[in-house]
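Structural characterization, general
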Amino acid sequence: SPLPYDQLPGDGRNGWSSLYHFIRKDGFHNIHHLMEENFKRFGPIYREKLGTYDSVYIQRPEDAATLFQVEGIHPERLRIQPWYEYRDYRNKKYGVLLKSGEDWRCQRLTLNREVLSVAGVNRFLPLLDNVGQDFVRRVYTQVERSGRGKWTADLSQDFLDCTESFSHVLYGQRLGLLQDYINPESQEFIDSINLMFDTTSPMLYIPPRVFRLMNVSIWKNHVKSWDAIFNHADLCIQGIYSSLRQRPDNTYSGVLSSLLLQHQLPLEDIKASITELMAGGVDTTSMTLQWAMYELARVPSVQEKLRSEIKAARKDAGNDLNALLKRIPLVKAALKETLRLHPVAISLQRYTQRDTVIRNYMIPCGTLVQVGLYAMGRNPDIFPSPEKFFPERWMGGEPTHFRSLGFGFGPRQCLGRRIAEMEMHLFLVHILEHFRIETNRMIEVGTTFKLILFPSKPIHLTLRPL
Ligand code: HEM
Ligand code: 2DC
């Protein structure tokens, strides 16, 4: 018979003393390393209390499978309390990211049709392709300017600009793709998202009301950053709203117009979710693209294989984007491999909706269980030679069941998943068709936690026209 819950391995039964030790170890930036250590110490399942949260941590794919069987029809993640607190403070509605229960499910189903369904995303393909082409043009300009036949830089800002400008296309603005210089409002938006992530993590395990009452700079900056994010999104939404009323036409012009024309959701709900989508699509995809290029630069033989796959696909498919995307399995595997080593989310979390047995422990209904994604991706028992960037492991060689969880799982998985995947696939296609990616292989770049996982230092890449 299963062992009782309170016999789970793990120390720190007192959330506040654990939090103290956590802060001493600079846990806010190293949460992924501390989790890896804990798995090494306690084995594949352990329990930890941190501040207000009491969670069970798991790491094995088969245990993740068990967890997702008991997530229920309204799956819930760990609550990022400061995000709720801001909306309450400013009297704003929650979007899909923060909603729960039936309200979440209804809105989510409407949004799924727009951004996750096959029919929905196919409408974006040409828009996404344009952004990739624009980026290529931008790189050529930089190569020419440098006068050295190549361009070497920390590309993070360029990727951020790119993913941000792309969000305008996605949500309905027709003009102004990648100009040479990004406009100041967009820059402020990008900076605000960064500040928002940065100021979230210190408040993650401490009741934010405490911060609010003390009115310390962390909370002030958090409010400032969300204010800027909402203002920017509001301006975009207003612009599209009025242009839609002036000249309504039938050509598809983005998710937002489509939602506005359907009249299925109240305007305030649309605004809340669109703001989340706009903010959620910037750092996530740009960091992942950057990591993908870093890994491809470090293993030129893999890069070459991707390039020949793309060449062959292009020959077959020409400019039929759907056909092209069906012919690049290795590019897709490379992206999975990137997210294995460099997940955006350090963990997936669910509250169990029934009593469940995991690793022979009885886990009561309502327990917060976290799947350690970073730890899973680097565990040699789960991925042989985990340090190796080896996309082929996803193509039939090794087991893949519940191992590719970078976008989460089930009805509550990432809403932007299809958009993100297509955007990144097309991006890699365009880049690899035009440039060789190089980097100084002596420089190892680690990972820092700032709510999502970021490179610990700037990644310098060289793009050389083929
Ligand atoms: C949720 C990862 C890009 C919007 C999530 C979750 C993960 C994730 C792990 C939680 C899923 C779960 O709990 O099962 C990623 C990664 C991305 C990415 C790795 C790119 C590399 C995007 C983009 C958007 C977006 C481009 C918007 C266009 C969202 C939203 C949710 C979410 C709105 C919450 C969905 C809900 O609660 O119903 N993402 N994401 N993400 N993501 Fe993404
Ligand atoms: C952060 O312990 C660490 O996609 C916590 O686009 C547990 C946790 C809960 C939810 C996760 C979060 C972590 C990381 C960032 C995620 C978030 C769910 C959605 C969000 C993964 C792992 C993200 C980045 C969204 C953000 C949209 C926002 C900017 C409006």
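Here's what I pulled together on the structure shown here. The written sequence of each chain sets the order in which its residues are numbered from 1. Here the convention is simple: chains get letters from A, ligands get numbers from 1, in the order in which they are written. In keeping with the predicted nature of the model, local features appear solely for residues at pLDDT of at least 70, side-chain atom pairs appear and are counted solely at 80 or more, and the whole-chain, interface and lining totals rest on all residues. The side-chain values count all of the structure's non-hydrogen atoms but skip hydrogen atoms and water molecules.

**A word on the pattern of salt bridges**
Throughout this description, the term salt bridge denotes a Lys or Arg side-chain nitrogen within 4 Å of a carboxyl oxygen of Asp or Glu. Here the structure, examined in full by the defined rule, presents 27 salt bridges. In this structure, Arg350 engages Glu71 in a salt bridge whose closest nitrogen and oxygen atoms are separated by 2.7 Å. Of this pair, Arg350 sits in strand 4 (residues 347-351) while Glu71 is found in the loop between helix 3 (61-69) and helix 4 (81-90), placing the two residues 279 residues apart along the sequence. Side by side, Arg350 and Glu71 carry an identical accessibility label, which is buried. The salt bridge involving Asp269 is made with Lys93; its shortest N-O contact spans 3.1 Å. One end of the pair, Asp269, is in helix 13 (residues 267-280); the other, Lys93, is in the loop between helix 4 and helix 5 (101-115), and 176 residues separate them in sequence. Relative accessibility thresholds used throughout: buried, under 20% of the residue-type maximum; exposed, over 50%; partly exposed, between the two (1.4 Å probe, protein chains only). Judged by relative accessible area, Lys93 falls into the partly exposed class, the value being 40%. A network of salt bridges, in which partner residues are shared, links Arg60, Glu62, Asp63 and Arg359. Put simply, DSSP H or I for four residues or longer makes a helix, DSSP E for two residues or longer makes a strand, and each gets a number counted from the N terminus.

**Focus: the site of ligand 2**
To be near a molecule or strand, a residue needs just one of its heavy atoms within 4 Å of it. Near ligand 2 you find 18 residues, and of these Met196, Tyr205, Gly280, Gln349 and Leu451 are the closest. Here a polar contact means two N or O atoms within 3.5 Å. Within protein one must be a hydrogen donor candidate and the other an acceptor candidate, and residues neighboring in sequence count only if both atoms are side-chain atoms. One of the side-chain nitrogen or oxygen atoms of Tyr205 is found 3.4 Å away from an oxygen atom of ligand 2. Here an oxygen atom of ligand 2 sits 3.4 Å away from a polar atom, N or O, in the main chain of Gly280. Methods summary: accessible areas were calculated by the Shrake-Rupley approach with a probe of 1.4 Å, and residue burial reflects only the protein chains presented. Alone, ligand 2 offers 620 Å² of accessible surface; in the complex the protein occludes 90% of this. Secondary-structure elements contributing two or more residues to the shell around ligand 2 are helix 13 and strand 4. Tallying contributions element by element places helix 13 first for the shell around ligand 2, with three residues. Nonpolar residues are Ala, Val, Leu, Ile, Met, Phe, Trp, Tyr, Cys and Pro. Charged residues are Asp, Glu, Lys and Arg, and all others, Gly as well, are polar. In terms of residue class, the shell around ligand 2 is built from 12 nonpolar, four polar and two charged.

**Things to note about the environment of Arg436**
Within the element layout of this structure, Arg436 appears in strand 8 (residues 435-438). For Arg436, a relative accessible area of 34% gives the class partly exposed. By definition in these notes, contact holds between two residues if any of their heavy atoms fall within 4.5 Å. If sequence neighbours within four positions are ignored, Arg436 has contacts with Gln303, Glu304, Arg307, Thr462, Leu463, Arg464 and Leu466.

**Topic: the sheet that holds strand 8**
The pairing criterion for strands is at least two bridges between them, as found by DSSP. Read from one edge to the other, the open sheet built from three strands follows the order 3-11-8, with strand pairing classed as antiparallel. Lying at the two open borders of the sheet, with one neighbouring strand each, are strand 3 (151-154) and strand 8. The mean inter-strand angle of the sheet, taken between neighbouring strand axes irrespective of direction, is 25°. Here four bridges tie strand 8 to strand 11 (residues 460-465), and the two strands are oriented antiparallel to one another. Bridge pairing in strand 11 links Ile437 to Leu463. To obtain each axis, a line is fitted to C-alpha atoms, and for helices this fit is confined to the stretch in contact; angles are then taken between N-to-C directions over 0 to 180 degrees. On the sheet, helix 19 (residues 417-434) packs against strand 8 and strand 11 and is oriented at approximately 100° with respect to strand 8.

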